[in-house]
Amino acid sequence: MARLIDGKAIAAEVDAAVAAATMVLRSEHETQPTLAVVLVGDDPASQVYVRNKVRRTEAAGMISRELRLPATTSQADLEATVAALSADPDVDGILVQLPLPAPLDADAVIARIDPAKDVDGLTEVSAGRLVLGRPGLRPCTPEGCVILAKRTLGALRGAHVVVIGRSILVGKPAGLLFLAEDCTVTLAHSRTRDLPALARSADILVPAVGRPEMVRGDWVRDGATVIDVGINRVPDPARGDGATRLVGDVAFDEAAAVAGAITPVPGGVGPMTIACLLRNTLKAAVARRGLPEALAAI
Ligand code: NDP
């Protein structure tokens, strides 16, 4: 039976390290990192994410600025809001909660984020730095996957990582981040041939698809590490009454019977995303304010 990778506990450790570093910034450098979160419209899932982000930012001793805009906000107004945050010297990190309501153009909004404050790692500059292997702010969810894999396995050098999914948000940056750890990376997607056989060749399997329980037990090699990024809401027949529950992209019980280690959903990759957001905000604050890099080395 696989070892459970406790994302909640590991995220709490990262949060605590960020809080300790923030305390040092406040007491010795008169600096309190500030994260600005922009939420447009009233999508219920986004509201929950933003509430969690605000709570954990404040718990880490950072300042949280929340900008809530109506779904009717114009493209020009939204871009002006983000540009103003980019120009504001007190703001260290900017996060625009995605998806934006139609017909807003997220790419044009992201382009207005100062790359020095791009704590979601979504600007072209951040993506370019990642590809070039230069220091920069990395996308949070894939960074969380790498941290979980390292905590589970130690050094990742030489491991074969199969990432299923090639999105800008998760799959592609996950592939590049594992490559930077000297892994051999395969990026699979909807056109990949014989995905189960390919998945079985993975030492580390990272499904990031958005299809409930697509990865079955016989897709997993004996002893492999499974990092399940998927978050899918499905009906919960056990509870009835239209109740739902969250499942990953992996059929957990089947995979756990063969894997060496596996993340649960919820409680795996999910909590790491916000932990990495706080870590990026700390890094951005230290870099922007010209403080020693070691202050953000967590
Ligand atoms: P996207 O929809 O942007 O990308 C999904 C990817 O999966 C695409 O590259 C697609 O391939 C691939 N895919 C779709 N169907 C198949 C298939 N049958 N076989 C193989 N590959 C397939 O999703 P995201 O990357 O944004 O998110 C993926 C999942 O991760 C979702 O469940 C999302 O909720 C979750 N997520 C979790 C986060 C967390 O904090 N834990 C954060 C962000 C996302 P193609 O490119 O060929 O279409």
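The preceding data block contains the structure.
Computed from a predicted model, the values in this text were never measured in an experiment. (Residues numbered from 1 in each chain as written. Predicted model: local features only at pLDDT ≥ 70, side-chain atom pairs only at ≥ 80, totals over all residues. Heavy atoms only, no water.)

**Side note on the packing of helix α6 (residues 140-153) against helix α7 (residues 171-180)**
Between α6 and α7, the least distance of the axes is 8 Å, while the angle of their chain directions is 40°. Between α6 and α7, the angle is such that the two are oblique. Considering how the two elements wind past one another, α6 and α7 form a crossing that is right-handed. Contacts between α6 and α7 pair Pro 142, Glu 143, Cys 145, Val 146 and Ala 149 from the former with Pro 173, Ala 174, Leu 177 and Phe 178 from the latter. Across the contact of α6 with α7, the residue classes break down as eight nonpolar, no polar and one charged. (Axes fitted to C-alpha atoms, helices over the stretch in contact; angles between N-to-C directions. Helix = DSSP H or I, 4+ residues; strand = E, 2+ residues; numbered from the N terminus. Parallel < 35°, antiparallel > 145°, perpendicular 65-115°, else oblique. Left-handed = near helix turned anticlockwise from the far one by under 90°. Contact = heavy atoms within 4.5 Å. Nonpolar A, V, L, I, M, F, W, Y, C, P; charged D, E, K, R; others polar.)

**Observations concerning α6**
What sets the pattern is the α-helix's 3.6 residues per turn: residues three or four places apart point alike. For α6, spanning 14 residues, the distance from its first C-alpha to its last is 20 Å, which sits close to the expected 20 Å at 1.5 Å a residue. For α6, the tally of buried residues reaches 11 of 14 residues, placing the bulk of the element in the interior. For α6, the full list of buried residues reads Cys 140, Thr 141, Pro 142, Glu 143, Gly 144, Cys 145, Val 146, Ile 147, Leu 148, Ala 149 and Thr 152. Backbone geometry just downstream of α6 places Gly 154 in the positive-phi region, at approximately 80°. (Expected span 1.5 Å × (residues − 1). Buried < 20%, exposed > 50% of the residue type's maximum accessible area, 1.4 Å probe, protein only.)

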